[in-house]
Amino acid sequence: MKTAITEMFGIEHPIIQGGMHYVGFAEMAAAVSNAGGLGIITALTQKSPADLANEIARCKDMTDKPIGVNLTFLPVVNAPDYPGYVKAIIEGGVSVVETAGNNPVQVLPVLKDAGIKVIHKCTAVRHALKAQSIGCDAVSVDGFECGGHPGEDDVPNMILLPRAADELEIPFVSSGGQADGRSLVASLAMGASGMNMGTRFIATKEAPVHQNVKEAIVAASELDTRLVMRPLRNTERVMTNAAVERLLEKERELGSDIKFEDIIQEVAGVYPRIMMEGEMDAGAWSCGMVAGLIHDIPTCKELIDRIMKEAEDIISNRLAGMLSGKVPA
Ligand SMILES: Cc1cc2nc3c(=O)[nH]c(=O)nc-3n(C[C@H](O)[C@H](O)[C@H](O)COP(=O)(O)O)c2cc1C
């Protein structure tokens, strides 16, 4: 299958693994890229630009396929060393950068001068148009279903994707709620040129996280995520657990007076404890509603091959059959 995204990124299948804190290590990205998708290392999980340079080099030892790096622009007072991370990305020979959070206007010229393609992840059509206007090559359109930060507009992909298709000139991929061949065909039908998955890729053999995390995703249904930090306008979709229910109780009690410091125990520094130690109640960790569609822990290659086979079958048999007058079972 060829799309604007497979051609732009030089990949075999139109499937991207979104940046994920404490998941997007070299092993994850290499496994996805080796399977024909685009694997992405998460820059800010690496404590310094030197660590990122090392992680990129480790990944390049494991794959000779294109890889990407996610650069998330956080709403923090003490900004990380973004110029340092950008330098590590360029010197590491990375071909794609996925930006997220604030728009990437300050790093765009230097990335583009280095010949790197930039795909900006956004949760609203107006942000996608902004990304297009500043020169991003593509966007990832992240619907309300997504694991992580869905923004504050709450527009699901069934509306957001066709809206993006109506407005954008640059290619885009769907993101949020994508899991299988049905997701891919639906995304393509709504105007996307591929799909980005987060939660689905955590439940794979190669994902370098504790087995408890993978099993929690398989055990969860589509009803098991919660939105936290809405009163702080930093909404995050997370898997529910004891810490998340405590956090939500504080949000109800404190109302609009709540401050980040009130919930620091439930959100700060919890990722290593959850992803590496498997301490599933340590705090709030991003997870999408798509958990309800995840029932197994395949290898990345098994997953991607299965998605492509299912997508091709839907297009060639189910849909083509309907057009030729065959009523599907
Ligand atoms: C555990 C986890 C951590 C994530 N961390 C980041 C991150 O650091 N930066 C980012 O841009 N997106 C992050 N995301 C969002 C994903 O890249 C992707 O957009 C999202 O998972 C798509 O929704 P899905 O989970 O329904 O597939 C994270 C998602 C998960 C599940």
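Everything numeric in this text was worked out from a predicted model, so none of it was measured.

### What to know about the overall build of the chain
Assigned secondary structure in the chain consists of 14 helices and ten strands. A compact globule built from 329 residues would reach a C-alpha radius of gyration of about 20 Å, and the chain, at 19 Å, matches this within 12%. Taken over the C-alpha atoms alone, the chain extends approximately 60 × 45 × 40 Å along its principal axes. Taking all 329 residues of the chain together, the buried fraction comes to 47%.

### Some details on the domain arrangement of the chain
Splitting the chain by domain gives domain 1 (4–208) and domain 2 (212–289). For domain 1 and domain 2, the distance between their C-alpha centroids amounts to 23 Å. Each partner contributes residues to the interface: domain 1 has 19 residues there, and domain 2 has 17 residues. Grouping the constituent residues of the side of domain 1 that touches domain 2 by class yields eight nonpolar, nine polar and two charged.

### Notes on the site of the ligand
Taken together, 29 residues are adjacent to the ligand, and Gly18, Ala100, Gly147, Gly198 and Gly288 come closest. Those elements that provide at least two residues to the shell around the ligand are β3 (67–73), β8 (195–197) and α9 (199–202). Residue composition of the shell around the ligand, grouped by class: eight nonpolar, 17 polar and four charged.

### Quick notes on the nonpolar core
Nonpolar side chains in soluble globular proteins tend to end up buried together. In terms of nonpolar packing, the biggest core is built from 92 residues, with Ala29, Ile41, Val69, Val97, Val139, Ile202 and Ile217 touching the most fellow members. Counting only domains with at least three residues in this core, you end up with domain 1 (4–208) and domain 2 (212–289). If near-sequence neighbours (up to four positions away) are discounted, valine 69 is found in contact with Ile40, Ile41, Ala43, Ile56, Ile89, Val94 and Val97.

### Some remarks on the packing of helix α6 (residues 125–134) against helix α7 (residues 157–167)
Across the interface, α6 lies against α7 with an axial gap of 10 Å and an inter-helix angle of 35°. Like other packed secondary-structure pairs, α6 and α7 cross with a definite hand, here right-handed. Of α7, the residues touching α6 (which contributes Val125, Ala128 and Leu129) are Arg163, Ala164 and Glu167. Of the residues that constitute the contact of α6 with α7, the class distribution is four nonpolar, no polar and two charged.

### Let's talk about the packing of helix α2 (residues 26–34) against helix α3 (residues 49–62)
The geometry of α2 relative to α3 is characterised by a closest axis approach of 9 Å and an angle of 35° between their N-to-C directions. When you trace α2 past α3, the crossing you get is right-handed. Residues Ala26, Ala29 and Ala30 of α2 form the contact with α3, whose own contacting residues are Glu55, Arg58, Cys59 and Met62. For the contact of α2 with α3, a count of residues per class yields five nonpolar, no polar and two charged.

### Re α6
Structurally, the α-helix is built with 3.6 residues per turn, so residues lying three or four positions apart point the same way. Those residues of α6 lying buried are Val125, Ala128 and Ala131. Angularly, the buried residues of α6 cover 115° about the axis, an arc narrow enough to put them on a single face. The exposed residues of α6 that point more than 90 degrees off its buried face are Arg126 and Ser133. Summarising the contacts, the buried residues of α6 are in contact with β5 (117–122), β6 (138–142), α7 and β7 (172–175). Phi for glycine 135, located one or two positions after α6, is positive at around 110°.

### Some points on the pairing of β7
Residues Phe172 and Ser174 line one face of β7 and the alternating positions Val173 and Ser175 line the opposite face, and both faces are buried. For β6 and β7, the ladder comprises four bridges, and the chain directions are parallel. Opposite aspartate 142, over in β7, you have serine 175 as the bridge partner. Summarising the sheet, β7 and β8 pair through two bridges and their orientation is parallel. Among the inter-strand pairings, serine 175 is bridged to a residue of β8, identified as asparagine 196. Considered for its hand, the β-α-β crossover made up of β7, helix α8 (residues 181–189) and β8 is right-handed.

### Description of the environment of isoleucine 11
Residue position: isoleucine 11 is located in the loop between α1 (4–9) and β1 (15–17). Residue isoleucine 11 is classed as buried on the basis of its 25 C-beta neighbours within 10 Å. Considering only alpha carbons, one finds isoleucine 11 and asparagine 34, 23 residues apart in sequence, at a separation of 9.8 Å. Setting aside residues no more than four positions away along its own chain, isoleucine 11 makes contact with Thr6, Gly36, Gly37, Leu38 and Pro66.

Criteria and cut-off values
- Residues numbered from 1 in each chain as written.
- Predicted model: local features only at pLDDT ≥ 70, side-chain atom pairs only at ≥ 80, totals over all residues.
- Helix = DSSP H or I, 4+ residues; strand = E, 2+ residues; numbered from the N terminus.
- Rg over C-alpha atoms; globule rule 2.2 N^0.38 Å.
- Buried ≥ 20, exposed ≤ 12 C-beta atoms within 10 Å, placed from the backbone.
- Domains from an automatic or database assignment.
- Contact = placed C-beta atoms within 7 Å.
- Nonpolar A, V, L, I, M, F, W, Y, C, P; charged D, E, K, R; others polar.
- Near = placed C-beta within 6 Å.
- Core = buried A, V, L, I, M, F, W, Y, C linked by C-beta atoms within 7 Å.
- Axes fitted to C-alpha atoms, helices over the stretch in contact; angles between N-to-C directions.
- Left-handed = near helix turned anticlockwise from the far one by under 90°.
- Arc of directions from axis to C-beta.
- Pairing = 2+ DSSP bridges.
- Right-handed = clockwise from strand over helix to strand, strands pointing away.

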